[in-house]
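# Coordinates in review
Residue strings, one per chain:
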Amino acid sequence: MTALTLSTSSATTLRADAVVVGVAKGAKGPVVAPGAEAIDKAFDGKLAAVLETLGASGAEGEATKLPSASGIKAPVVLAVGLGDTPKGDDGFDAEVLRRAAGTAARALTGVKKAAFALPLPDLESAAAVAEGALLGAYAFTSYRGGKGKGKNEAGAPLAEVALLGGKPRDKAYKAAIERAEALAAEVNRARDLINIPSNDLTPKLFAEQAQAAAKEFGLKVEVLDEKALAKGGFGGLIGVGKGSENPPRLVKLAYQHPKASKTLALVGKGITYDSGGISLKPAGHNETMKCDMSGAAAVFAAVVAAAKLGLKVNVTGWLALAENMPSGSATRPGDVLRMYSGKTVEVLNTDAEGRLVLADALTRASEEKPDAIVDVATLTGAMILALGNRTFGIMANDDAFRTSLHEIATEVGEQSWPMPMPRELRKGMDSPIADIANMGERAGGGLVAGLFLEEFVGEGITWAHLDIAGPAFHESAPYGYTHKGGTGSSVRTLVRLAERTAAGDLG
Ligand code: BES
Ligand code: MN
Ligand code: ZN
């Protein structure tokens, strides 16, 4: 990963290949943001005017490169837009800084070292810039380069970042930077897992990755293979996985702190490929379905992050891994599965597979009586229709918990929205022969899925469900620190939830 240091050097004298400055939108054109005073001085105070001539307005997402003025060691200045100038004494919003740093890092692909002279009035801003830079300096290159080509045809991510204006000798700053590094590394772990194509990332390989990480970070790990799953009665996981040559797995990954008083259980949907099964998805709907394990990737990453940060809370991750394929051995529409909980489910649509594997994992997670369960899943197209491509939906059996998760997500810069659980939608899942069907009314499809999951959560356990179908995989143009492909959606929310739980802030 990109190396990051806090530096007390001045922006003009630091040896670097580029220096990054912020530019905001003022009433009369672009305004150079705090942190870049020395750079502006080297331009005789005319940096804003030069930028305006080059077409910059200070709008978010803008990146303008220009040759340095004399007196600046770095040969290139990169100005990134910060949007409207904050009112009164307010500083720039953390997410604005995070995205601007990400935009800068992306614009500096192929560059070795950059000095970031963005506004860093406090610890929160320093952490945001660090996170944004590390998340922006990401590339998934494992599959690049044929014969005679370098692996890194598209250019290597920015290799070194010096953050100017932070306080390198201040313990709190050091800790904030270390946290940003751990967090970004884990978001990038999730991104990598999501980006690996399904012909390589099978449930078995995913489980092996979890085992390797467990060894590296001192986590407990248990893997149930298809034999153990069948023996244990995990009808959901078996039912979804039985059409594939790549059999299912249930992974338990546990981080434990000796002084923890709370246990958080995280459950992730890990469909390594979702073809739809016998209810096959049409072309146009299956090209990105390697991303259907994004929930499990986020859970995996969050457990490792909790371990890296040494949080005083137990965090158990459950990865419900299967490949949903059509074949002679696949579950048919109309089949009935007996789930791990003992309930029976009539499978009306084999493409509603996520809720089946999650149901088993939720029941299993509930057996250990955690203080709360959060599941994460690319569960429904309906949630995308409701909230768009950048916002995940939050459902819960507890209003306060749902509100907390929404606040936490906002705080870490992830877009989310609370969704209801309308009771009247339950009857649409009534089955003439089983306890419940895996499909209900089309209207409110995301909410129907949530109601299904709730039935598999143990009595009295606080539970929330994040439907990340929209934000998990980014298909349009990159922006801020978000690249095309796997985004690592919800990792930062889960980690902050673990931190809050450790601090005793919740329940
Ligand atoms: N994995 C999909 C949901 C999805 C769609 C995620 C698009 C990301 C992008 C899920 O398994 C699915 O197919 N859901 C169905 C449920 C329906 C059959 C009740 C859906 O949303 O259409
Ligand atoms: Mn599906
Ligand atoms: Zn799916």
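All residue numbers here refer to positions counted from 1 along the written sequence of the relevant chain. All chains are assigned letters beginning at A, and all ligands numbers beginning at 1, according to the order in which they are written. Restriction of local features to residues with pLDDT of at least 70 applies here, the model being predicted, together with a cutoff of 80 or more for giving and counting side-chain atom pairs; totals for whole chains, interfaces and linings are based on all residues. By convention in this description, side-chain values take in all heavy atoms of the structure and omit both hydrogens and water.

## Quick word on the nonpolar core
Our working rule: Joining through side-chain atoms within 4.5 Å is the link that ties buried Ala, Val, Leu, Ile, Met, Phe, Trp, Tyr and Cys residues into a set, and such a set is a nonpolar core. Relative accessibility under 20% of the residue-type maximum defines a buried residue, over 50% an exposed one, and the middle range a partly exposed one, all with a 1.4 Å probe and only protein chains included. Only DSSP runs of H or I covering at least 4 residues are called helices, and only runs of E covering at least 2 are called strands; the numbering of each starts at the N terminus. Boundary definitions for the domains trace back to an automatic or database domain assignment. In this analysis, two residues are considered to be in contact whenever any of their non-hydrogen atoms come within 4.5 Å of each other.
Counting residues in each nonpolar core, the largest one holds 96 residues, and the members touching the most others are Phe116, Leu163, Phe206, Phe300, Leu319, Val374 and Leu494. Looking at which element gives the most residues to this core, the answer is helix H9 (residues 294-309), with 12 residues. Residues lining this core come from more than one domain, with at least three contributed by each of domain 1 (3-165) and domain 2 (188-503). The contacts of phenylalanine 206, once residues within four sequence positions are left out, are Leu193, Leu201, Thr272, Met293, Ala296, Ala297, Phe300, Leu319 and Leu321. Of all hydrophobic cores here, the second largest spans 42 residues; its members include Ile271, Trp318, Leu425 and Ile461.

## As for the coordination of the manganese ion (ligand 2)
Selection rule: Shown as donors are all N, O and S atoms within 2.8 Å of a metal ion, widened to 3.2 Å for Na, K and Ca; because water is not in the atom set, sites may appear incomplete. Square planar and octahedral assignments, for four and six donors respectively, both demand that opposite donors be over 155 degrees apart and that all other angles lie between 65 and 115; tetrahedral needs four donors with all angles between 85 and 135 degrees, and anything else is irregular.
Around the manganese ion (ligand 2), the protein supplies Asp274 (OD), Asp351 (O), Asp351 (OD) and Glu353 (OE) as donor atoms, at distances of 2.0 to 2.2 Å. Taken together, the six donor atoms surrounding the manganese ion (ligand 2) define angles of 71 to 170 degrees at the centre, an arrangement classified as irregular. Between consecutive donor residues of the manganese ion (ligand 2), the sequence gaps follow D-x76-D-x1-E. The metal-metal distance between the manganese ion (ligand 2) and the zinc ion (ligand 3) comes to 3.1 Å, with aspartate 274 coordinating both. Of the two residues, aspartate 274 sits in strand S10 (residues 263-274) while aspartate 351 sits in the loop between strand S13 (344-346) and helix H10 (354-367), which places them 77 residues apart along the sequence. Residue classification places aspartate 274 among the buried positions, given a relative accessible area of 3%. Exposure remark for aspartate 351: the relative accessible area of 23% places this residue in the partly exposed category.

## Focus: the pattern of salt bridges
Side-chain pairs of opposite charge can arise whenever the charged atoms involved come near each other. The line we're drawing: Throughout this description, the term salt bridge denotes a Lys or Arg side-chain nitrogen within 4 Å of a carboxyl oxygen of Asp or Glu.
This model, assessed by the stated rule, comprises 27 salt bridges. Linking lysine 308 and glutamate 186 is a salt bridge whose minimum nitrogen-to-oxygen distance equals 2.7 Å. Here the residue lysine 308 occupies a position in helix H9, and glutamate 186 occupies one in helix H5 (residues 171-195), the gap between them amounting to 122 residues. Via salt bridges that share partners, Glu95, Arg98, Arg99, Glu131, Arg179, Glu411, Arg496, Glu499, Arg500 and Asp505 belong to a single interconnected network.

## Things to note about the coordination of the zinc ion (ligand 3)
Those protein atoms acting as donors to the zinc ion (ligand 3) are Lys269 (NZ), Asp274 (OD), Asp292 (OD) and Glu353 (OE), and they sit at 2.0 to 2.4 Å. What the six donor atoms of the zinc ion (ligand 3) show is an angle range of 79 to 173 degrees at the metal, which sorts the shape as octahedral. For the zinc ion (ligand 3), all donor residues lie on one chain, and their spacing in sequence is K-x4-D-x17-D-x60-E.

## Brief notes about helix H6 (residues 203-217)
Note the cut-off: Working rule for helices: expected span equals 1.5 Å times residues minus one.
The end-to-end C-alpha distance of H6, which contains 15 residues, comes to 21 Å, matching closely the 21 Å that a straight helix rising 1.5 Å per residue would cover. Looking at the buried side of H6, the elements it contacts are H5, strand S8 (220-224), strand S9 (249-255), S10, H9 and strand S11 (314-324). Where H6 ends, the next residue or the one after it, glycine 218, has phi of about 70 degrees, a positive value.

## Examining the packing of H10 against helix H13 (residues 445-454)
This is how it is decided: All axes are obtained by fitting lines to C-alpha atoms, using only the stretch in contact for helices, and the reported angles, taken between N-to-C directions, cover 0 to 180 degrees. Angles are sorted into four bins: roughly parallel if under 35 degrees, roughly antiparallel if over 145, roughly perpendicular if 65 to 115, and oblique for all others. Each crossing is labelled by how the near helix is turned from the far one, with a counterclockwise turn of less than a right angle marking it left-handed and a clockwise turn marking it right-handed. Ten residues, namely Ala, Val, Leu, Ile, Met, Phe, Trp, Tyr, Cys and Pro, are considered nonpolar, four, namely Asp, Glu, Lys and Arg, are considered charged, and the remaining ones, Gly among them, are considered polar.
The interhelical angle for the contact between H10 and H13, taken along N-to-C directions, is 30 degrees, at an axis separation of 9 Å. Classified by the angle their axes make, H10 and H13 are roughly parallel. In terms of crossing hand, the pair formed by H10 and H13 is right-handed. Across the interface between the two elements, Arg355, Leu356, Leu358, Ala359 and Leu362 from H10 touch Val448, Ala449, Phe452 and Leu453 from H13. Class assignment for the residues of the contact of H10 with H13 results in eight nonpolar, no polar and one charged.

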